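Read off the chains here:
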Amino acid sequence: MVIPLISLILLCPLAAFAVFGLMSLARRSVPRQDYLSTAAMLIALVCSLLLLQHVVPNPSPHTVEWIAIGNVSFSMGFYLDSVTAIMLIVVTLVSSLVHIFSMGYMHGDPRYPRFFAFLSLFSFSMLFLVVSDNLLGIYIGWELVGLCSYLLIGFWFEKDSAANACKKAFLTTRVGDVGMFIGMMMLFTKFDTLALYGEEGIFAQAAGLNTGDMVWLSIAGVLIFCGAIGKSAQVPLHTWLPDAMEGPTPVSALIHAATMVAAGVYLTARMFPILTETSSLAIAYIGGITALVAATIAIVRFDIKRVLAYSTISQLGYMMLGIGVGSYVAGLFHLTTHAFFKALLFLGSGSVIHAFHAMHAHNHDEHDAHEHAHAGADGHEHTHEHGDSELAHAHGSEIPPDQDMRNMGGLRHKMPITFATMLIATLSISGVPVLFSGFWSKDAILGGVLERAMEWNSVHHYLLFGIALFAAGITAFYMFRLIFMTFFGEPRNQEMHDMAHESPKVMTVPLLVLAVLSFPIVNKLWFNDAYVTPPKQPHVHAPAHAGLQSVPTRDGIARLQNTQDSKGTFSLFGVSEALADEKTAVEDGAHDTHADEGHHGHSPAHNIAMVLSIIVAGLGILLSWLFYHKRTLSAASVATTFRPLYNIFWNKYYFDEFYNGVLVALTVWKARLFAQFDGSVVDGIVNGVGRVTRDGLAAFTGAFDNRVVDGIVNRVAQVTWAIGGRIRRIQTGAIQTYLLVVLAGIVALILIFRAL
Amino acid sequence: MSLQNYLVISAILFTLGIFAVLTRRNAISILMGIELILNSCNLNFAAFSRFVTPPENIDGQIIAIFGIVLAAAEAAVFLAIILAIYREFGSIRPNEVDTLKG
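Thresholds, definitions, all that
- Residues numbered from 1 in each chain as written.
- Chains lettered and ligands numbered in written order.
- Predicted model: local features only at pLDDT ≥ 70, side-chain atom pairs only at ≥ 80, totals over all residues.
- Helix = DSSP H or I, 4+ residues; strand = E, 2+ residues; numbered from the N terminus.
- Buried ≥ 20, exposed ≤ 12 C-beta atoms within 10 Å, placed from the backbone.
- Contact = placed C-beta atoms within 7 Å.
- Pairing = 2+ DSSP bridges.
- Axes fitted to C-alpha atoms, helices over the stretch in contact; angles between N-to-C directions.
- Parallel < 35°, antiparallel > 145°, perpendicular 65-115°, else oblique.
- Nonpolar A, V, L, I, M, F, W, Y, C, P; charged D, E, K, R; others polar.
- Left-handed = near helix turned anticlockwise from the far one by under 90°.
- Core = buried A, V, L, I, M, F, W, Y, C linked by C-beta atoms within 7 Å.
- Expected span 1.5 Å × (residues − 1).
- pLDDT = per-residue confidence, 0-100.

With that settled, consider the overall build of chain A. Per the secondary structure count, chain A includes 32 helices and two strands. Expressed as a percentage of its 756 residues, the buried residues of chain A come to 47%. Taking the contacts inside chain A whose residues are at least 6 apart along the sequence as the reference set, 82% of them involve residues at least 24 apart.

Across its full length, chain B carries three helices and zero strands. Counting from the amino terminus, chain B carries its helices and strands in the arrangement α-α-α. Overall, chain B is about 50 × 25 × 25 Å in size when its C-alpha atoms are taken along their principal axes. Within chain B, buried positions represent 14% of all 102 residues. Long-range contacts, defined here as pairs at least 24 residues apart, represent 44% of the contacts in chain B between residues at least 6 apart.

Residue and element names in this part refer to chain A. In the sheet, strand S1 (residues 62–69) pairs with strand S2 (residues 72–78) via seven bridges, with the strands oriented antiparallel. When the bridges of S2 are listed, Glu65 appears paired with Ser75. From the end of S1 to the start of S2, which pair antiparallel, there are two residues, and Gly70 there has a positive phi angle of about 60°.

Residues and elements named next belong to chain A. Helix H13 (residues 304–324) packs onto helix H11 (residues 260–270) with a crossing angle of 5° between their chain directions and a minimal axis gap of 10 Å. What the angle tells us is that H11 and H13 run roughly parallel. For the pair formed by H11 and H13, the contact residues are Val261, Val265, Thr268 and Ala269 on the first element and Thr312, Leu316, Met319, Met320 and Ile323 on the second. Along the lines of polarity and charge, the residues of the contact of H11 with H13 split into seven nonpolar, two polar and no charged.

Helix-helix packing is described using two parameters, namely the angle between the two axes and the distance between the axes. All names here are of chain A. At a minimum axis distance of 10 Å, the contact between helix H5 (residues 135–153) and H11 shows a crossing angle of 160°. As the angle between them shows, H5 and H11 are arranged roughly antiparallel. Seen from above, H5 lies across H11 with left-handed handedness. Here Ile138, Trp142, Val145 and Ser149 of H5 come into contact with H11, specifically with Met260, Ala263 and Leu267. Taken together, the residues that form the contact of H5 with H11 break down as six nonpolar, one polar and no charged.

All names here are of chain A. Judged by nonpolar contacts, the single largest core of 196 residues is most densely connected at Leu127, Ala343 and Ala468. It is helix H14 (residues 328–362) that provides the largest number of residues to this core, a total of 18 residues. Leu127 has contacts with Ile9, Leu10, Pro13, Ala44, Leu88 and Val91, leaving out every residue within four places of it along the chain.

The next point concerns helix H1 (residues 3–23) of chain B. Between the first and last C-alpha of H1 of chain B there are 30 Å, a value that for 21 residues agrees with the 30 Å anticipated at 1.5 Å per step. For H1 of chain B, the elements touching its buried residues are helix H32 (735–755) of chain A together with helix H2 (27–51) of chain B.

Let us look at the confidence of the model for chain A. All names here are of chain A. Of the residues in chain A, 85% reach a pLDDT of 70 or more, and the chain-wide mean stands at 81. Counting interchain partners and residues more than four positions distant, the pLDDT-below-50 stretch residues 360–396 has 19 contacts. This stretch, residues 542–602, has a pLDDT under 50; its non-local contacts, to residues over four places away or in other chains, come to 81 contacts.

Take helix H20 (residues 459–487) of chain A next. Residues and elements named next belong to chain A. Between its first and last C-alpha, H20 extends 42 Å over 29 residues, near the 42 Å set by a 1.5 Å rise per residue. By the criterion of burial, H20 is predominantly enclosed, with 22 of the 29 residues buried. Phi for Gly489, located one or two positions after H20, is positive at around 70°.

Moving on to unusual backbone geometry. Residue and element names in this part refer to chain A. Of the consecutive residues Val235 and Pro236, the connecting peptide bond is found in the cis state with omega at 5°. Within the secondary structure layout, Pro236 lies in the loop between helix H8 (214–231) and helix H9 (240–243). Positive phi, normally seen in glycine, also occurs at Asp192, with a value near 65°. Relative to the helices and strands, Asp192 resides in the loop between helix H6 (160–191) and helix H7 (202–207). Residues other than glycine seldom take positive phi values, yet Lys652 does so here, at roughly 55°. Among the secondary structure elements, Lys652 is positioned in the loop between helix H30 (643–650) and helix H31 (655–727). Judged by C-beta crowding, with 24 C-beta atoms within 10 Å, Lys652 ranks as buried.

What follows concerns the confidence of the model for chain B. Across chain B, pLDDT averages 91, with 100% of residues at or above 70. This complex was scored by the predictor with a pTM of 0.72 and an ipTM of 0.86.

Along the polypeptide, Ala500 of chain A turns up in the loop between helix H21 (494–499) and helix H22 (505–517). Between the C-alpha atoms of Ala500 of chain A and His338 of chain A, which are 162 residues apart in sequence, the distance is 28 Å.

What follows covers the environment of Gly688 of chain A. When you line up the elements, Gly688 of chain A lands in helix H31. Between the C-alpha atom of Gly688 of chain A and that of Phe519 of chain A, which follows or precedes it by 169 residues, the distance is 75 Å.

Residue and element names in this part refer to chain A. Among the structural elements, Asp443 can be located in helix H19 (residues 437–456). Residues Asp443 and Ala295, spaced 148 residues apart in sequence, show a C-alpha to C-alpha distance of 17 Å. When residues no more than four places from it in sequence are discounted, the contact partners of Asp443 are Gly431, Ala609, Met610 and Ser613.

Below, the structure written as structure tokens:
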């Protein structure tokens, strides 16, 4: 049953795209491409849910030979383990909801059918990436999602900013992909295969490597992680993701929040068995730094989508951090929960934008006039408030008025469903305890980091824990800042506020569904952590493995049990205690020397992490409330006090400036240099060769031709001419002369015959 | 009359014909010289047929008659050519018709 189901999951979205493609070739349009694509996704969703019961702990890949070059053969195949199944559900579920939401959001767009066709193609690519059992298939899917991302960011390509953003996204991720490709080739040269599983697979062979190969394996692991840095927008290749917000908001939700950017995390998780201690630490650092940097930038953004974009980068950093410290399950769990609540946040922001945007369409001219007037007034006000408007304008960060949070406020009465659902998502991402999924997954990561730090007594990991904790507090702060600025307080822009309205049902229903998915209970339906067991990393110190037991929800449940002692709550979470115990028993057997220590070790770590994370989250929310709702503290005065810091955040750590000033300038300079080289040297050589050919060789052969060859020909002609000139006198033209000669000839002949 | 007499007369005729062909400055006269040459030929045929071959064999005489017919046809063609030359050049003097002079 596995193969037909997976095939159906892959083929449905592909068919929806193929129909569009073929019809386009025939210059016909599909009447209801939106229904077609959505139906395809819903079928894929159902198949993904059906696949859940086929998940087995140690599956074997289903492969077929694909191409053979010489004696190297590449196979294509599917691999279905718990991670695949979860990813399939996340992708198809979010994708289906985004499809439905888009029917409302994209309504009336001139390229409406194309949008859905691209969404289908994206879904196919992402699903292909997820189910592939080998690096080649993953790479194909990887590049395909990159292409779809490019197409969809630039969907409104009439806008220069969108056209530039899609190019930027494509090129930036390509930088990481080059690293990934080199990493793949390193593995290929070593193992002669790109298959991950099976006896001949990379993982099986990597497990057999001795310690001398660890440096080499670390390099390969980090290089493959480069692909994830690009795709998951980790520092330093994160700059494309905020710009990608130029695409339609459903695209931001699907691709740039929930699924594609999570592909990097997925890849890192897939490659978990070959990650060594060194490469794990590198991943953890990249993740931690990303989490902090992106969170701090998000504090000062005013564009609602940019805040969410930086928040996404930050959360992806958390996942990387989780995987980097060996909390494999926590990282994947955060991926799952984040996919839902971040998709919800984006779709919610899309609903807000749509509310303002619809007004845009209604009284366009009037609004345009107003917009200009307002932009002036706003800039002025901004100068007073932050004293940085010149920077904002100087760097061309013009925020579309319908995305600018300074135009919002008090929307909770106007858009109750959007408000309620977004509040749930915000509570989730901020890590508000117990009830919301984000708390469990984030806490699992924080606990994992602290646990690793305590086990190894490692400064690195204590530092990372500090960073992650700090970033968690900031996350709560900026997310509530968004909520307060958008939905609370007085309307800042009365005219826009008056026109705003709740979105149609086709948009609010996906919001409600995603809101339900933001509760941990629902996630437990498929995130059965008894199945999600971290693969072994034989190259990491033994105690590390004990830490891997830290299954997030089990700890949470254990704590819940301590406080409530309620079996009912426990069963709701859907974890079978027997399975959990069995797993512990197995692991204890394998690591009996460390198991006890590990078991005792992780509990306090997680408790400390949980308490600390609740404190920082509460602190963040409190500060946010004081700043943006109660207004007892003034954001402006804080900004002025910490002006250098504020400038750094406002300018996004000058990453773009650095890239433009250094890398782009360097590239342009290099291009100029090469152009000069081309103009002087290459052209010089070509011209020189030309000149030598023309003036030297051609002139010589020309002279030879003229003098010698023509000379011979002319001389022959002259001689012939001269002889002819002499001989022609015989031809007198007088008949009688000829006759006389004839007679003389005859007489001569007679005389000759007589003489004989 | 012996064969010799015929041959002498024929030779005289032939010589006269040649002389006329080579020296006359009029195409008609040249034609007349050619006729003389032809007839000297015919005379030779007839004479040899009468004196050398058996009397019942008259091949020579027959060829002589053919020769006369031939001479008549030749005269007709020659005169036609002369007429054409006259039309073209306005003269029938052979030394003036020298377009093929090299």
